[in-house]
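Listed below, chain by chain, are the residues.
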Amino acid sequence: MEHSCDSLLRQVQSLELTAAEVGTRIERIRAAVLSESVNINSPAFTSISPADLHLIYTLYDRYFFSDRIAVALGNTPLNFELSGRLTRSAGKTAYYRHPEKRFLIGVSTTLLFGCFTEADHRSIVCSGIVCRDRLDALLRVMEHELVHLIEFVLWDKSSCARSRFHSISLRAFAHTENVHSMITPVEKARQQLGIAPGVQVSFTMEGRVLNGVVNRVTKRATVLVEGSEGRLYSDGKKYMKYYVPLAMLSVVAKP
Ligand SMILES: [Zn+2]
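Since we're looking at a predicted model, the values are computed, not measured.

The next subject is unusual backbone geometry. A cis amide bond links His-98 with the next residue in sequence, Pro-99, at an omega value of -5 degrees. Despite not being glycine, Glu-206 has its phi angle at roughly 50 degrees, a positive value. Relative accessible area serves as the criterion here: at 80%, Glu-206 is assigned to the exposed category.

The subject of this paragraph is the sheet that holds strand E10 (residues 250-253). With antiparallel pairing, the five strands of this open sheet are ordered in space as E9-E8-E7-E6-E10. The open sheet is flanked by strand E9 (238-245) and E10, the only strands paired with a single partner. Neighbour-to-neighbour, the strand axes of this sheet turn through a mean angle of 45 degrees, independent of strand direction. In this sheet, E10 lies alongside strand E6 (residues 200-205) in antiparallel orientation, the contact comprising three bridges. Paired with Ser-202 across the strands is Ser-250, a residue of E10.

Okay, the packing of aromatic side chains next. Inspection of the entire model under this criterion finds twelve aromatic pairs. Taking 6.4 Å as the distance between ring centres and 40 degrees as the angle between the ring planes, the aromatic pair formed by Phe-64 and Phe-65 counts as tilted. Both residues of the pair, Phe-64 and Phe-65, count as buried. Look at Phe-103 and Phe-152: their rings are 6.5 Å apart centre to centre, the planes differ by 35 degrees, and that puts the pair in the tilted class. With a gap of 49 residues between them, Phe-103 in strand E3 (residues 102-108) and Phe-152 in helix H6 (residues 134-155) connect regions that are remote in the sequence. Phe-103 gets classed as buried once you look at its relative accessible area, which sits at 1%. Taken together, the ring pairs in this structure connect Tyr-60, Phe-64, Phe-65 and Phe-173 into an aromatic cluster. Here the basic side chain of Arg-25 rests over the ring of Phe-64, its NZ or CZ set 5.6 Å away from the ring centre. A cation over an aromatic ring shows up here: Arg-231 above the ring of Tyr-233, its NZ or CZ 4.9 Å from the ring centre.

For the zinc ion, the full set of protein donor atoms is His-144 (NE2), His-148 (NE2) and Cys-160 (SG), at a range of 2.1 to 2.4 Å. Going along the chain, you hit the donors of the zinc ion in the pattern H-x3-H-x11-C. One end of the pair, His-144, is in helix H6; the other, Cys-160, is in the loop between H6 and helix H7 (163-173), with 16 residues separating them in the sequence. Residue class for His-144 comes out buried when judged on its relative accessible area of 12%. A relative accessible area of 28% places Cys-160 in the partly exposed class.

Of all hydrophobic cores here, the largest spans 57 residues; its most connected members are Phe-65, Leu-138 and Met-182. Here this core gets 13 residues from one element, more than from any other, and that element is H6. Beyond its immediate stretch of four places on either side in the chain, Leu-138 contacts Ile-40, Phe-45, Ile-48, Leu-53, Ile-56, Val-107 and Leu-112. One finds Ala-196, Val-214, Val-223 and Leu-249 within the second-largest nonpolar core, a separate group that totals 16 residues.

Here is what the cut-offs are and how they apply
Residues numbered from 1 in each chain as written. Predicted model: local features only at pLDDT ≥ 70, side-chain atom pairs only at ≥ 80, totals over all residues. Heavy atoms only, no water. Buried < 20%, exposed > 50% of the residue type's maximum accessible area, 1.4 Å probe, protein only. Pairing = 2+ DSSP bridges. Helix = DSSP H or I, 4+ residues; strand = E, 2+ residues; numbered from the N terminus. Axes fitted to C-alpha atoms, helices over the stretch in contact; angles between N-to-C directions. Phe/Tyr/Trp six-rings, centres within 6.5 Å; stacked < 30°, edge-to-face > 60°. Lys NZ or Arg CZ within 6 Å of the ring centre and 35° of its normal. Donors = N, O, S within 2.8 Å, 3.2 Å for Na, K, Ca; no water. Core = buried A, V, L, I, M, F, W, Y, C linked by side-chain atoms within 4.5 Å. Contact = heavy atoms within 4.5 Å.

So this is what it looks like as structure tokens:
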């Protein structure tokens, strides 16, 4: 009897699409997403739900893999989530083996909605392809995560740093790289607001204006403010630590 993964394996091994063929299929998927999704009603959409990710997965499985990912998955659960906590990766695919086998594909809302705004200071490239808009970026991220999913299903392991991944993503989706250059909160802070470690900033906290130095930047900045109640640091001074949303900071001086 044929194993449920065999037909997906054969298809993945024999895929050899030209960039033009990939483009035609993706245009169909874009059109289908725009007409079928409740949230994604424009390429510059401003809301998204896990059901939209599921829809995109289903369309890719249909147009690129003849529904063979679904066949290979069988009863193994595949869930989708949107995460505000992914601030460097644009997406992730997790393979849980215990207590039961399941897969989870997550997409970062922080990067998706943090890019393609008027504040963008450069163009966005995902998987080696320039993205025209937010929907383009979302599709590139999902393509990348689907290659992870396929590798997990067929080989139990996946790495986008390795040659097998590069080969599949190139032959299936014409990806020439396997990284994204979406604008992260750290880059945005540095480029658009001038906020980086060592920069002197001021901010208002409970009606008081405080001055300090940026120590670290994630989605918020860690600001050290000198004060006698603070903790002793290696420079012999005492500092209090504040976690401040980037938009609340004013730059006073750069180092
Ligand atoms: Zn990856």
